[in-house]
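# Architecture and fold: a report
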Amino acid sequence: VKIVYNPTVEDIKKALIEKKAVVVPVAGRQLYNPYFTPPGPEYHALVIKGYDDEKSEFIVNDPGTKHVADFSYSYSILENAIHPSSFIVFRPIF
């Protein structure tokens, strides 16, 4: 398990390329997810499982809504929702 503080988009993409699970705590209200009950959760966590450079989006499993699998957040939205003192966990997938 590797803990990374202040992760960048490139850090996350690199971990995904290396087939590592990426779990990230976020400020839920900064995700602007239309499926959250307003105003949305103050704290939230996601599993980032892929990305799409053409759309500049991360593909996530988001347990906060009924649209759990394959939800997308833009790189900028997700990067802003990750608190500067937060961390993400990169764990090899077995």
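Let me sum up the structure you'll find in this document. If you're wondering where the values come from, they're calculated on a predicted model, not measured in any experiment. (Residues numbered from 1 in each chain as written. Predicted model: local features only at pLDDT ≥ 70, side-chain atom pairs only at ≥ 80, totals over all residues. Heavy atoms only, no water.)

### A closer look at the side chain of D62
- For D62, the position within the fold is in the loop between β4 (57-61) and β5 (71-74).
- Buried and without a salt bridge, D62 has K49 as its closest oppositely charged side chain, separated by 12 Å.
- Among residues more than four places away in sequence, those in contact with D62 are N33, F36, H44, L46, H67, V68 and Y73. (Helix = DSSP H or I, 4+ residues; strand = E, 2+ residues; numbered from the N terminus. Buried < 20%, exposed > 50% of the residue type's maximum accessible area, 1.4 Å probe, protein only. Lys, Arg positive; Asp, Glu negative; His and termini not counted. Salt bridge = Lys/Arg side-chain N within 4 Å of Asp/Glu carboxyl O. Contact = heavy atoms within 4.5 Å.)

### With respect to a nonpolar patch on the surface
- On the surface, V1, I3 and Y5 cluster together to form a nonpolar patch covering roughly 360 Å² of accessible area.
- Assignment of secondary structure puts Y5 in strand β1 (residues 2-5).
- Judged by relative accessible area, Y5 falls into the exposed class, the value being 53%. (Patch = residues over 30% accessible without salt bridge, like charges linked within 9 Å, V, L, I, M, F, W, Y side chains within 5 Å. Areas by Shrake-Rupley, 256 points an atom, 1.4 Å probe, with all protein chains shown as cover.)

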